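An overview of the molecular structure
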Amino acid sequence: MAADNGDTPDRAGEAIWQNGLAREGDTDTQRVISADLPVNATLHLWLKAVNPGTPGSVSLFSANGKFGEVQVANAEENSFRISHVFGGGHIELRYDTAETSVSVAYWFTAADVLETGITVLHTNPANAAPNLPASYHFRPPFGWMNDPNGFGRFGGRPHLFYQHYSHGRMWNNMHWGHAVSSDYLRWRHLPVFLFPSEEVVARPDKRGGAFSGSAIPLPSGPGIRVFFTEKVSDRMPEQEIQMSAVSADLFTAGEATVILPHRPEGEGLTLDFRDPYVFRGPDGRWKMLLGSQSVEGGVILLYETEDTQAAGGWTYLGKLLIETRHQTTAIECPCLLPLDGEATDPATRWALSYGLMNGKDERTGRRNLTLVDVGWFDGRTFSREFTRELDFGTDNYAFQAFMDGTTPVGIGWLGNWADTGPTIDFPSAMTLPRTLRLEDGQLLTPPIEAAEGLRSHVLDRTRLAAGERVTFSNGAVEFLIEFSEAGVPFDLELEHPGVGLGLVQDETGLWLRYESPGADHPRYIVEGARVRRLRIFLDYGSIEVFADDGRFAGTKRITGFDPVRSARLSAPADTVSQAMVWALRL
């Protein structure tokens, strides 16, 4: 997405230097990244050696000449090599592309970074963000992104951390990216928050880093405490351990410490032990959920501490949930929060959401489902009332939510591990943020109310309802469609150049048409659904469906960034009560 602080690559510099890559026929490999910095600007820079055994280096120049040099010997991984505060003025970073590759360079001023964000000076084609000026979904300023982490309101504003690899659009050693917002829709990108340990970065045969987790406000003052899983791929006996770090300024993390060095003994767990979600329980104590796998099936582990700072003293209470459906290989990203009352009220229902890594619905072929159990939590046990899928499209994964006052608000990764991996170039985005609420015994997950503020202007009031085709100028569109009664059969055909796309309701239920040449796709369906009202959001590379105010939600990533060009609605005569179409923009 295009953030509101100019945090995209310098397009003018890109035209001259092509982001640090030599042009065809250009034998001059000397490159320059230049910037005019304000007083007290901090520069962050990542680089690596091009050739093993030959160091790479970047020289720093000001108006007074050369004042520094940074070097790196690692040719396997881009290394974070500088965090320097400047006195202001013009600077240049000079390097030889035959010896050195620069991945990312950005600057910010610590005094106002939460208000102004970072300014990206340089990326290269391997990690540059897509140029989608009309897109309204959250995207990182560079590189790869997956799970949302540490989602919450801190210092009066929503913060979003996320799994991040800065140097390419493929999964690799994990960092935490970071952004801040005022409305959950318009985000300012902040400095990279967490980094892989030196144990991971120093050896190319290792993989891991700072994996998923959560954040809580510091009970004793301003700032936050974050919790995350550190993974080192071949570390024994524990590949995954739980870490914690404190940030007093909301954008830099202090030194991380180990809070859980090993899995609970005697539970028959696999090496999977991840994604700490920390929250206040009904008894006032801090609780922690972790995902794992056992011989019984996927499991959610429950811990608690009497430490008011949640800094240590974590005690294992047992398995909160055992999941045997869909043959998951591990539960990921568990999340638990109250839905319809105060956490301290025994009558309050709670929502327990979790991802089923590699789980498969045999009826439809869908993979990596996310489930939500609604029931009661007394601080030690969870009693399930009913279960539903979070998303019948399945591309709302690693969903994380928190209580924003009295309102649960959540967001997910707009992706699915069935479509990506460490060898696949995968454009990343987050879903639209959603709220959760109970109504008439049903769990609803509609988009946040602020999403109506994305509406730029009306594209159509009558033609879609009359069965005519409505064309779009770009890929950012919202539909609001209402029928005269529940269960009216319809076919909303969406014209896309790469896939067969649409939304259908028939005798089998509500389902998303997604067809691409030469590929077999799962069936994205809510069997037996009979819906009356639809909100549908299109963006470059995605569709999100909310039926009957979020009673059913379906999210699907669309390969590539070609926009949906037009839509046509087929339905029986006189059954369409309303069909509005808006163009959207941030």
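Here's a quick rundown of the structure. (Residues numbered from 1 in each chain as written. Predicted model: local features only at pLDDT ≥ 70, side-chain atom pairs only at ≥ 80, totals over all residues. Heavy atoms only, no water.)

1. Topic: the overall build of the protein
Each helix and strand in the protein was counted, giving 3 helices and 41 strands. Taken against the 2.2 N^0.38 rule, which gives 25 Å for 586 residues, the C-alpha radius of gyration of the protein at 24 Å falls within 12% of a compact globule. Per-residue burial over the protein gives 58% buried out of 586 residues. Within the protein, contacts between residues at least 6 apart in sequence are counted, and of these 61% link residues at least 24 apart. (Helix = DSSP H or I, 4+ residues; strand = E, 2+ residues; numbered from the N terminus. Rg over C-alpha atoms; globule rule 2.2 N^0.38 Å. Buried < 20%, exposed > 50% of the residue type's maximum accessible area, 1.4 Å probe, protein only. Contact = heavy atoms within 4.5 Å.)

2. Here's the deal with the pattern of salt bridges
Scanning the entire structure with this criterion turns up 37 salt bridges. The residue arginine 94 makes a salt bridge to glutamate 92 at a minimum N-O spacing of 2.8 Å. Between glutamate 493 and arginine 469 there is a salt bridge whose closest N-O contact spans 3.3 Å. Of the two residues, glutamate 493 sits in strand 33 (residues 490–495) while arginine 469 sits in the loop between strand 30 (455–460) and strand 31 (470–471), which places them 24 residues apart along the sequence. For arginine 469, a relative accessible area of 33% gives the class partly exposed. What emerges from the salt-bridge pattern is a single network uniting Asp283, Arg285, Lys287, Glu304, Glu306 and Arg380. (Salt bridge = Lys/Arg side-chain N within 4 Å of Asp/Glu carboxyl O.)

3. Points about the sheet that holds strand 8 (residues 119–122)
The 4 strands lie next to each other as 5-2-7-8, forming an open sheet whose pairing is antiparallel. The two strands at the open ends of the sheet, each matched to only one other strand, are strand 5 (79–86) and strand 8. Shown here is a sheet whose adjacent strand axes are inclined to one another by a mean of 20 degrees, direction ignored. Bridging between strand 2 (residues 41–49) and strand 5 involves 7 bridges; their strand directions are antiparallel. Pairing of alanine 41 across the sheet is with phenylalanine 86, part of strand 5. (Pairing = 2+ DSSP bridges. Axes fitted to C-alpha atoms, helices over the stretch in contact; angles between N-to-C directions.)

4. Focus: the sheet that holds strand 39 (residues 552–557)
The 6 strands are arranged 30-41-32-37-38-39 in an open sheet whose pairing can be described as antiparallel. This sheet does not close on itself; its edge strands, each paired only once, are strand 30 and strand 39. Ignoring strand direction, the axes of neighbouring strands in this sheet form an average angle of 20 degrees. Relative to strand 41 (residues 576–584), strand 30 runs antiparallel, the two sharing 4 bridges. Of the residues in strand 41, the one forming a bridge with valine 458 is tryptophan 582.

5. Examining the packing of aromatic side chains
On inspection of all chains with the given rule, the structure shows 29 aromatic pairs. Where phenylalanine 279 meets phenylalanine 377, the ring centres are 5.9 Å apart and the plane angle is 50 degrees; that geometry is what we call tilted. Highlighted residues: phenylalanine 279 in strand 17 (residues 269–280) and phenylalanine 377 in strand 23 (residues 370–377), separated in sequence by 98 residues. The burial state of phenylalanine 279 is the same as that of phenylalanine 377; both residues are buried. A ring pair is formed by phenylalanine 472 and phenylalanine 479, whose centres lie 5.9 Å apart and whose planes are at 80 degrees; its orientation type is edge-to-face. With relative accessibility at 0%, the residue phenylalanine 479 sits in the buried group. Lying across the ring of tryptophan 582, arginine 455 places its NZ or CZ 3.8 Å from the centre. When the ring centre of tryptophan 511 is taken as reference, the NZ or CZ atom of arginine 523 above it lies at 5.1 Å. (Phe/Tyr/Trp six-rings, centres within 6.5 Å; stacked < 30°, edge-to-face > 60°. Lys NZ or Arg CZ within 6 Å of the ring centre and 35° of its normal.)

6. Digging into the layout of surface pockets
There is about 570 Å³ of room inside the largest pocket. Phe279, Arg280, Phe402, Met403 and Gly405 are, among the 28 residues lining the largest pocket, the residues nearest its centre. Classifying every residue of the lining of the largest pocket by side-chain character gives 18 nonpolar, 6 polar and 4 charged. (1 Å grid on protein atoms, 1.4 Å probe; cavity = no way out; pocket = protein on both sides within 12 Å on 5 of 7 lines; lining within 4 Å. Points joined across faces, edges and corners; volume = space filled by probe spheres on them. Nonpolar A, V, L, I, M, F, W, Y, C, P; charged D, E, K, R; others polar.)

7. Notes on the environment of alanine 49
With respect to the helices, strands and loops of the structure, alanine 49 is situated in strand 2. Judged by relative accessible area, alanine 49 falls into the buried class, the value being 0%. Spatially, the C-alpha atoms of alanine 49 and alanine 75 are 4.4 Å apart, while their sequence positions differ by 26 residues. Ignoring any residue separated from it by four or fewer positions in sequence, one finds alanine 49 in contact with Thr54, Pro55, Gly56, Val72, Ala73, Asn74, Ala75 and Glu99.

8. Some remarks on empty space enclosed by the protein
Overall, the coordinates contain 7 cavities of 30 Å³ or more when judged by the stated rule. Of the voids in this model, the largest cavity is the one considered here, and its volume is about 80 Å³. If you go around the largest cavity, the residues you meet are Arg139, Leu414, Pro427, Ala429, Tyr540, Gly541, Ser542, Arg557, Ile558, Gly560 and Phe561.

9. Regarding the side chain of aspartate 147
Among the secondary structure elements, aspartate 147 is positioned in strand 9 (residues 144–154). Buried charge without a salt bridge: aspartate 147, with arginine 274 as the nearest opposite-charge side chain at an N-O distance of 8.0 Å. Within the structure, aspartate 147 has its side chain in polar contact with the side chain of asparagine 146 (distance 3.1 Å). If we ignore the near neighbours within four places in the chain, the residues touching aspartate 147 are Phe161, Tyr162, Gln163, Ser212, Cys333, Ala398, Trp413 and Met430. (Lys, Arg positive; Asp, Glu negative; His and termini not counted. Polar contact = N/O pair within 3.5 Å; in protein donor to acceptor, adjacent residues only side chain to side chain.)

10. As for the environment of arginine 235
Topologically, arginine 235 is positioned in the loop between strand 14 (224–232) and strand 15 (240–247). On the accessibility criterion, arginine 235 (16% relative accessible area) is buried. Counting along the chain gives 332 residues from arginine 235 to alanine 567, while the straight-line C-alpha distance between them is 52 Å. Contact partners of arginine 235, with chain neighbours within four places excluded, come to Glu199, Glu230, Glu240 and Ile241. Of the polar contacts made by the side chain of arginine 235, one reaches the side chain of glutamate 230; its length is 2.7 Å. Of the polar contacts made by the side chain of arginine 235, one reaches the backbone oxygen of glutamine 239; its length is 3.0 Å.

11. Looking at the state of the cysteines
Applying the stated rule across the entire model yields 0 disulfides. Its sulfur unpaired, cysteine 333 is 9.4 Å from the next cysteine sulfur, which belongs to cysteine 335. Residue cysteine 333 is classed as buried on the basis of its relative accessible area, which comes to 9%. Classification of cysteine 335 by relative accessible area gives buried; the value is 1%. (Disulfide = S-S within 2.5 Å.)

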